[in-house]
Amino acid sequence: MTPTGLPMTVPDPALPTRVRVHEVGARDGLQNEQSVVPTEIKAEFIHRLADAGLTTVEATSFVHPKWVPQLADAERLFPLLGDLQGVRLPVLVPNERGLERALALGAHRVAVFASATESFAKANLNRTVDEALAMFEPVVSRAREQDMHVRGYLSMCFGDPWEGPVPLGQVVRVCRALLDMGCDELSLGDTIGVATPGHVSALLTALAEAEVPVDRVGVHFHDTYGQALANTLTALRHGVTTVDASAGGLGGCPYAKSATGNLATEDLVWMLHGLGIDTGVDLGRLSATSAWMAGHLGRPSPSRTVRALTHQEQ
């Protein structure tokens, strides 16, 4: 349980008053597990996350099962979530076939997954950056025709394991292309967790100069070098109000082996609540949910906040 009165609330007038947490644990988190979590457990996980107050829970992916077998049960899982009212349940679609599958199940929100670098585009999509964008264009166009909300993920915004540093202009170009083709929002991915606050500030400044509205930008940090919260705080100072996080710190990237877990939702919420920023999330329920899932996975949660609140040990 959360210690009474803690964290102490000390608002910062320079920061947003509310942040929307885009929960990715059920998709980005579980897709990186060695074992396949049963469909019923996934459904309960998502219900528990919603019960903890999360209003956006990325549910699954319609990628071919050959590439992500951990999410091969998308058609069985999604109908089990039909009773969730007022909860956004976006799904990842890699191509037009994936979109067809999502539409058949009545999904209202989808995401495409682009890359800022040629090396990762080749590893993840077997295409160049521009070829991948061309593949996404009809997906985004059709989704918008169906009144679906479309998110554009952009990987390797801050560094690439093969190419090293990624020029700011390169990231800005792909962001602009995703918006121009019709994406409603962007998620800037620090896929291997190498970003630092100055780099985050420089990229968000460059995007603003390219007339990318900050209210259409979210951030997605991995905590490989322990910088995820510092980077998030920097993004908030630039006006970002959508932050991706994963319950219990689950996740990584199956195509970037140096990528470790996502920013833990509990660690993010602890910081935001201490800053007086509203999230709508019940931290106690969320931590209990992550501890429950960690039990199913057979290991302690990597989230420091979960371990502190549930007295878990490494």
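Here's what I pulled together on the structure shown here. What you see is a predicted model; the values in this text were computed from it and never measured.

1. Things to note about the pairing of strand β9 (residues 242–245)
For a regular strand, the rule is simple: side chains alternate between the two faces of the sheet. Side chains of β9 alternate between two faces, with T242 and D244 and V243 and A245 buried alike. The sheet contact formed by strand β1 (residues 20–23) and β9 spans 4 bridges and is parallel. Along β9, the bridge assignment pairs H22 with D244. With helix α9 (residues 228–237) bridging strand β8 (residues 217–221) and the parallel β9, this β-α-β connection has right-handed handedness.

2. A word on the packing of α9 against helix α10 (residues 265–274)
Orientation of α9 relative to α10, taken along the N-to-C sense of each, is 50 degrees, at an axis distance of 11 Å. In this view, α9 runs oblique relative to α10, as classed from their interaxial angle. Crossing of α9 over α10 shows right-handed handedness. Along the contact surface, α9 presents L229, T232, L233 and L236, while α10 presents D267, L268, M271 and L272.

3. Here's the deal with helix α2 (residues 39–51)
Given a rise of 1.5 Å per residue, 13 residues ought to cover 18 Å, and the 18 Å separating the end C-alpha atoms of α2 matches this to within 8%. Residues T39, I41, K42, A43, F45, I46, L49 and A50 constitute the buried set of α2. Residues of α2 that are buried in the fold lie against β1, α1 (25–29), β2 (56–57), α3 (74–77) and α11 (283–297). Two residues or fewer past α2, G53 is found with a positive phi of approximately 105 degrees.

Rules used throughout
Residues numbered from 1 in each chain as written. Predicted model: local features only at pLDDT ≥ 70, side-chain atom pairs only at ≥ 80, totals over all residues. Heavy atoms only, no water. Buried < 20%, exposed > 50% of the residue type's maximum accessible area, 1.4 Å probe, protein only. Helix = DSSP H or I, 4+ residues; strand = E, 2+ residues; numbered from the N terminus. Pairing = 2+ DSSP bridges. Right-handed = clockwise from strand over helix to strand, strands pointing away. Axes fitted to C-alpha atoms, helices over the stretch in contact; angles between N-to-C directions. Parallel < 35°, antiparallel > 145°, perpendicular 65-115°, else oblique. Left-handed = near helix turned anticlockwise from the far one by under 90°. Contact = heavy atoms within 4.5 Å. Expected span 1.5 Å × (residues − 1).

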